[in-house]
Amino acid sequence: MEKLLNNIEYNYKTICENIAEAAIKSGRKPEDITFLAATKTVDVSLINHAISLGLDHIGENKVQELLSKYEGYDLAHADLHFIGHLQSNKVRQIVGKVSTIQSVDSLKLASEISRQSIKQDIDTKILIEVNVGNEESKSGVKPELLTELLYQISELPRVSVDGLMAIPPICENEQKIRGYFEIMRNMFIDISHKNIDNISMNTLSMGMSGDYKEAILEGATLVRIGSSLFGARNYN
């Protein structure tokens, strides 16, 4: 256990250094980038250890796992996001427990988040997930339908769009992955210029363990990092 904790400390320091270097290269400050730890399958004790090091954003992929770990998170010192695919019938279980739902890709899902937020008399931030590679196997709104969806969601009460998120296709070279990140950045900038009511472009969530440095260089404001922090995980 001690070795595992030491590894997390070393990894956390290394990732923070890499984020800072990439941020400066991109013309920004290290504090302009949010480091969110993807905590799927990670024990709460390890998550809280990372929080004790300074980590202040965590994200879960599955509703049941989030609920089973919820009471154990050190949420006094960290912000909890939902970052996985979310079914409409499970929205009520997490609204009020997370500050941001990162993976909204339909009016139906956004409407249910709005409905549950009204019930609880709270406001919920969401990110719109874009299927930037137009992959049939992935969720996310198609890029050409993004603006229409944003206008529809802008009419919903108690839910506000805080930005975009994406998981680009797996690429064999840096140039190709940066191309997808560039497409996302251009959409992000284009939408921010439209000044749509109830739509803010504060967060561009893209980049994971294998490509977060490239994502930052192309404009990411939030990166979701799991295995590079906690080590390889067994999903079986």
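The structure this text deals with has already been given above.
What counts, and where the lines are drawn
Residues numbered from 1 in each chain as written. Predicted model: local features only at pLDDT ≥ 70, side-chain atom pairs only at ≥ 80, totals over all residues. Heavy atoms only, no water. Helix = DSSP H or I, 4+ residues; strand = E, 2+ residues; numbered from the N terminus. Rg over C-alpha atoms; globule rule 2.2 N^0.38 Å. Buried < 20%, exposed > 50% of the residue type's maximum accessible area, 1.4 Å probe, protein only. Contact = heavy atoms within 4.5 Å. Lys, Arg positive; Asp, Glu negative; His and termini not counted. Charge placed at Lys NZ, Arg CZ, Asp CG, Glu CD. Core = buried A, V, L, I, M, F, W, Y, C linked by side-chain atoms within 4.5 Å. Pairing = 2+ DSSP bridges. Right-handed = clockwise from strand over helix to strand, strands pointing away. Phe/Tyr/Trp six-rings, centres within 6.5 Å; stacked < 30°, edge-to-face > 60°. Salt bridge = Lys/Arg side-chain N within 4 Å of Asp/Glu carboxyl O.

Regarding the overall build of the protein chain
So, point 1. Assigned secondary structure in the protein chain consists of 9 helices and 8 strands.
So, point 2. Since a compact globule built from 236 residues should have a radius of gyration of about 18 Å, the 17 Å found for the protein chain is in line with a globular shape.
So, point 3. Projected onto its principal axes, the C-alpha coordinates of the protein chain cover approximately 50 × 40 × 35 Å.
So, point 4. A burial count over the protein chain gives 48% of its 236 residues as buried.
So, point 5. For the protein chain, the proportion of contacts with a sequence separation of at least 24, taken over those separated by at least 6, is 58%.
So, point 6. Between the centroid of the 25 positive side chains of the protein chain and the centroid of its 32 negative side chains there is a distance of 3 Å.

Details of the nonpolar core
So, point 1. Counting 66 residues, the largest nonpolar core has Ile126, Ile128 and Leu164 as its most contacted members.
So, point 2. If we ignore the near neighbours within four places in the chain, the residues touching Leu164 are Leu127, Ile128, Val130, Leu146, Met184, Met187, Phe188, Ile191, Met201, Thr203, Leu204 and Ser205.

Focus on the pairing of strand E7 (residues 199–205)
So, point 1. The buried count for E7 comes to 5 of 7 residues, which makes it a mostly enclosed element.
So, point 2. Where strand E6 (residues 159–166) meets E7, 4 bridges bridge the pair, whose relative direction is parallel. Paired with Met165 across the two strands is Ser205, which belongs to E7.
So, point 3. Since E6 and E7 lie parallel, the crossover through helix H7 (residues 174–194) that links them has a hand, and here it is right-handed.

Some points on the packing of aromatic side chains
So, point 1. Tallied over the entire structure, the rule returns 2 aromatic pairs.
So, point 2. On the basis of an interplanar angle of 20° and a centroid distance of 5.6 Å, the ring pair of Tyr12 and Phe35 is categorised as stacked. Separated by 23 residues along the polypeptide, Tyr12 in helix H1 (residues 2–25) and Phe35 in strand E1 (residues 34–38) bring together distant segments of the chain.
So, point 3. For Tyr12, a relative accessible area of 12% corresponds to the buried category.

A few points about the environment of Tyr73
So, point 1. Within the secondary structure, Tyr73 is located in the loop between helix H3 (63–69) and strand E3 (79–82).
So, point 2. The exposure class assigned to Tyr73 is buried, which follows from its relative accessible area of 6%.
So, point 3. Considered as a pair, Tyr73 and Asp43 are 30 residues apart in the sequence and their alpha carbons are 9.9 Å apart.
So, point 4. Those residues in contact with Tyr73, other than ones at most four positions away along the chain, are Val44, Ile47, Asn48, Ile58, Glu60, Glu65, Leu66 and Leu80.

So, the pairing of strand E5 (residues 124–130)
So, point 1. Most of E5 is tucked away: 6 of the 7 residues are buried.
So, point 2. Pairing of strand E4 (residues 100–104) with E5 involves 3 bridges; the strand directions are parallel. Opposite Ile101, over in E5, you have Ile126 as the bridge partner.
So, point 3. Remark: the E4/helix H5 (residues 107–120)/E5 crossover connection has right-handed handedness.
So, point 4. Taking the sense of rotation as the criterion, the β-α-β connection linking E5, helix H6 (residues 146–153) and E6 turns out right-handed.

Some remarks on helix H2 (residues 44–52)
So, point 1. Of the residues making up H2, those classed as buried are Val44, Leu46, Ile47, His49, Ala50 and Ile51.
So, point 2. Positioned one or two residues after H2, Gly54 has a phi angle of 130°, which is positive.

A look at the pattern of salt bridges
So, point 1. Counted by the stated rule, this structure contains 13 salt bridges.
So, point 2. In this structure, Lys13 and Glu17 form a salt bridge, with 2.8 Å as the shortest nitrogen-oxygen distance. Of this pair, Lys13 and Glu17 both sit in helix H1, 4 residues apart, which is roughly one turn of that helix.
So, point 3. The exposure class assigned to Lys13 is exposed, which follows from its relative accessible area of 53%.
So, point 4. Residue Lys25 is joined to Glu21 by a salt bridge in which the shortest nitrogen-to-oxygen separation is 3.6 Å. On the criterion of helical spacing, the pair formed by Lys25 and Glu21 is a turn pair, its members being 4 residues apart in helix H1.
So, point 5. For Lys25, a relative accessible area of 60% puts it in the exposed group.
So, point 6. For Glu21, a relative accessible area of 43% translates into the label partly exposed.
So, point 7. Salt bridges sharing common partners tie together Glu174, Arg178, Glu182, Arg185 and Glu218.

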